[in-house]
Structures are given as C-alpha cells and as structure tokens.
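# Chain and residue survey
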Amino acid sequence: MNSRPPEPVLGPPLRFATELVAWVATPWALWGHSAVLAVVSVVVLIGLPTVFSTPGDKAQVVVPVPGPVTIALVLLQFAAALASSWTAWHPLAGALVTVLVAAAAVAELPRWKWLLTVRG
C-alpha cells in the first residue's frame, strides 16, 4: 500500500473551490430559515474535516479515521455545494457549481481509490 495519496494536479484546487462554495452557499441558503442552522452548517462543513482525517492524507491528524470516512466528508461538501447553490443562487450559478462538482469528483478519483485502502 502506498503511504501517500496520489497528487493529481487539479484535484486539490477543484476540491477546495467546491468546499468554498459549500461554506458560502449553505449558510446563505439556510439563513432565511434559521440563523442558528446557518451557523451550525458552517461549523459542520469546516469542523468535521478539520477534526477527522485519514493518516497520510493530511500532515496534521487530530482524530484518525479510515479512508472511507474522509471520502464521505468530501461527498458531504460536494452535496452541500450542489444543493445550496441551486437553492440560494440563480440557476446559472447552480449549473456552474454542478460542473465544478463533477470536475472535482473526477479529479478526486485517484485519491479516493487510495483512501479506500487506508485504515484510520
């Protein structure tokens, strides 16, 4: 087993761009329903991946988790970006975010394959 994940050129920047969209669009979409829920969404979307990570995938691991948990946390970000962008913004923005998420998912595949082999 390789101890380091593959480093695709576009994977990290596309994943980060998708995370940024999730961090902005999710509270935006939720604010009209509940300010508390909007704040909690940011804490969850930023906090969970900060605390829980797979050894070898990040330099600093607070709470080690198996690779599939890290994949699930990324998919949570992707789902939040998709749902929230379509809910909070103009449909054109939702369509652009859909393309971004699809590109990020394809770019993440080598990392996800590696993560599926890693125990926490």
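Rules used throughout
Each chain has its residues counted from 1, running along the sequence as written. Where local features are concerned, this predicted model is filtered to residues with pLDDT of at least 70; where side-chain atom pairs are given and counted, the filter is 80 or more; whole-chain, interface and lining totals use all residues. Based on all heavy atoms of the structure, the side-chain values leave hydrogens and waters out of the count. Segments assigned H or I by DSSP are reported as helices when at least four residues long, segments assigned E as strands when at least two residues long, and all are numbered from the N terminus. Residue contacts are counted whenever heavy atoms from the two residues lie within 4.5 Å of one another. Within this document, salt bridges are pairs made up of a side-chain nitrogen of Lys or Arg and a carboxyl oxygen of Asp or Glu, the two lying within 4 Å of each other. To sort residues, take the accessible area from a 1.4 Å probe on protein chains only and compare it with the maximum for the residue type: under 20% means buried, over 50% means exposed, and anything in between is partly exposed.

### A short note on the side chain of Glu-108
- Mapped onto the secondary structure, Glu-108 falls in helix 4 (residues 91–115).
- Beyond its immediate stretch of four places on either side in the chain, Glu-108 contacts Gly-11, Pro-12, Arg-15, Val-74 and Phe-78.

### A closer look at the pattern of salt bridges
- The tally for this structure, following the rule as stated, stands at three salt bridges.
- As a salt-bridge pair, Arg-15 and Glu-108 come within 2.5 Å of each other at their nearest N and O atoms. Here Arg-15 is found in helix 1 (residues 11–31), whereas its partner Glu-108 is found in helix 4, with 93 residues between them in sequence. Neither residue differs from the other here; Arg-15 and Glu-108 are each classed as buried.
- For Arg-111, the salt bridge goes to Asp-57, with nearest N and O atoms at 2.6 Å. Of this pair, Arg-111 sits in helix 4 while Asp-57 is found in the loop between strand 1 (52–53) and strand 2 (63–64), placing the two residues 54 residues apart along the sequence. In terms of burial, Arg-111 and Asp-57 fall into one category: buried.
- Within this structure, Arg-15, Asp-57, Glu-108 and Arg-111 form a network of salt bridges that share partners.

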